[in-house]
Amino acid sequence: MRVTEGGVELEVPGEQTEGIEEAVFYNPRQELNRDLTIATLRAYREREERATSYLDAMTASGVRGVRAAADGWDVTCCDVDEQAVDLARDNLERNDCEATVEHRNVNALMHDEPFDVIDLDPYGTPMPFADAAFANCRDLVCVTATDTAPLCGAHFNSGVRSYSAVPRNTDYHAEMGVRVLTSALARSAARFDVGVEPILTHATSHYVRTYLELEHKATSADAAIDELGHIYHCEDCLYREADPGLIADPLETCPHCDGNRMLTAGPVWLGPVQDPDFIAAVRDEIPYTFGTAPQARELCDTLAAELDEPTHYDQHKLCRNWGLPANAMDDFLADLRDAGYEASRAHYGGTTFKTDANIGEIRAATADSLE
Ligand SMILES: [Zn+2]
């Protein structure tokens, strides 16, 4: 089957049955992810001029590698699967792109050879590849995780095993995934005295994606570890509290409703996951010729405006919990701002938002308009 994406043409095997099964070699549902990757690489090249080499660590059809090579990167495509390697070679040739193609275990490759940018895009958890990625990468590690059920606590044991953290299934489950993933990656990088700074992060339908800029200094690794902590969450009233530090001090009862159905999640990343200036630069690098340009630009706008709060709320879930009708999002957020709080939309859904107000303050600020 022939597909065109981002100006390159690819041959991919087999019938595509979209929505039924994840395609092994080419997943059309990840086009937004790949469009944003190319825009991010363009913006990153402006930010860090020495960055020239890019490793597509699980290349499959070669789609990321071909697109990066067509954009001028010094690309290496790697896969353990022989069929994938052949396919990637064919697709590079088809587009007159030069790249190194490696048929080997990518962990061995990453330990052997330094790259400026490493892109981990495995099926499922990226953690089996994280240590090798941080061992030698110079500038930027891009990570996709598609195991959203383990990440958000819905598949609890699997999440604990993969991420050495306690994920909890809450009303902000996609963001739980973002913060569990970032925490695990920060701890992996810290083993190599590398500090991570997430500069763009999004949770989109069936995956989490984050771009981590690296700093090779022990003090930067310490600073990243300082961003970790725990979230205490009340299942009854949806109160939540962030507690920095690796030692948890869980709440027995909820400070808002006195309930005792409290959850503790962590260690999770509590720090910022977006760099608004960088995201604005990424947005400028999304041409209209990209298949997902409108969605990708809208996503960048929302991400750049998101407040740095470790969790978000969903207005509809709050209103259901309160037994009140929901309000238009703009009016709801205006009520919060009028009461003196910060408030922004969040990219996790059309009725999600972030605020520095706590659950009681949110209700007090908005209830008059809801009744
Ligand atoms: Zn409560």
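All figures in this text were calculated on a predicted structure; none of them were measured in a lab. (Residues numbered from 1 in each chain as written. Predicted model: local features only at pLDDT ≥ 70, side-chain atom pairs only at ≥ 80, totals over all residues. Heavy atoms only, no water.)

### Let's talk about the pairing of strand E2 (residues 8–11)
Here E2 shows a clear split, with Val-8 and Leu-10 buried on one side and none of Glu-9 and Glu-11 buried on the other. Inspection of the sheet shows strand E1 (residues 2–5) paired to E2 by four bridges, in the antiparallel sense. Each residue of the ladder has a partner; that of Thr-4, found in E2, is Glu-9. Linking two consecutive strands that pair antiparallel, namely E1 and E2, is a turn of two residues; a positive phi of about 55° is found at Gly-6 within it. (Buried < 20%, exposed > 50% of the residue type's maximum accessible area, 1.4 Å probe, protein only. Helix = DSSP H or I, 4+ residues; strand = E, 2+ residues; numbered from the N terminus. Pairing = 2+ DSSP bridges.)

### With respect to the nonpolar core
Core analysis: the biggest nonpolar cluster contains 47 residues, and Leu-55, Phe-134 and Val-196 have the highest contact counts within it. Here this core takes eight residues from helix H8 (residues 173–190), the largest share from any one element. Apart from residues lying up to four places away in sequence, Leu-55 is in contact with Thr-76, Cys-78, Val-106, Leu-109, Met-110, Phe-115, Val-117, Ile-118 and Asp-119. Residues Ala-39, Tyr-54, Trp-73 and Leu-200 belong to the second largest nonpolar core, which totals 42 residues. (Core = buried A, V, L, I, M, F, W, Y, C linked by side-chain atoms within 4.5 Å. Contact = heavy atoms within 4.5 Å.)

### Section: the coordination of the zinc ion
Coordination sphere of the zinc ion, protein contribution only: Cys-234 (SG), Cys-237 (SG), Cys-254 (SG) and Cys-257 (SG), at 2.3 Å. Metal-centred angles of 103 to 114° between the four donor atoms at the zinc ion mark the site as tetrahedral. Taken in sequence order, the residues that donate to the zinc ion follow the motif C-x2-C-x16-C-x2-C. You can see Cys-237 sitting in the loop between strand E10 (228–234) and strand E11 (240–244) and its partner Cys-254 sitting in the loop between E11 and strand E12 (262–269), a full 17 residues away along the chain. Of the two residues, Cys-237 and Cys-254, both sit in the buried class. (Donors = N, O, S within 2.8 Å, 3.2 Å for Na, K, Ca; no water. Tetrahedral: all angles 85-135°; square planar, octahedral: opposite > 155°, others 65-115°.)

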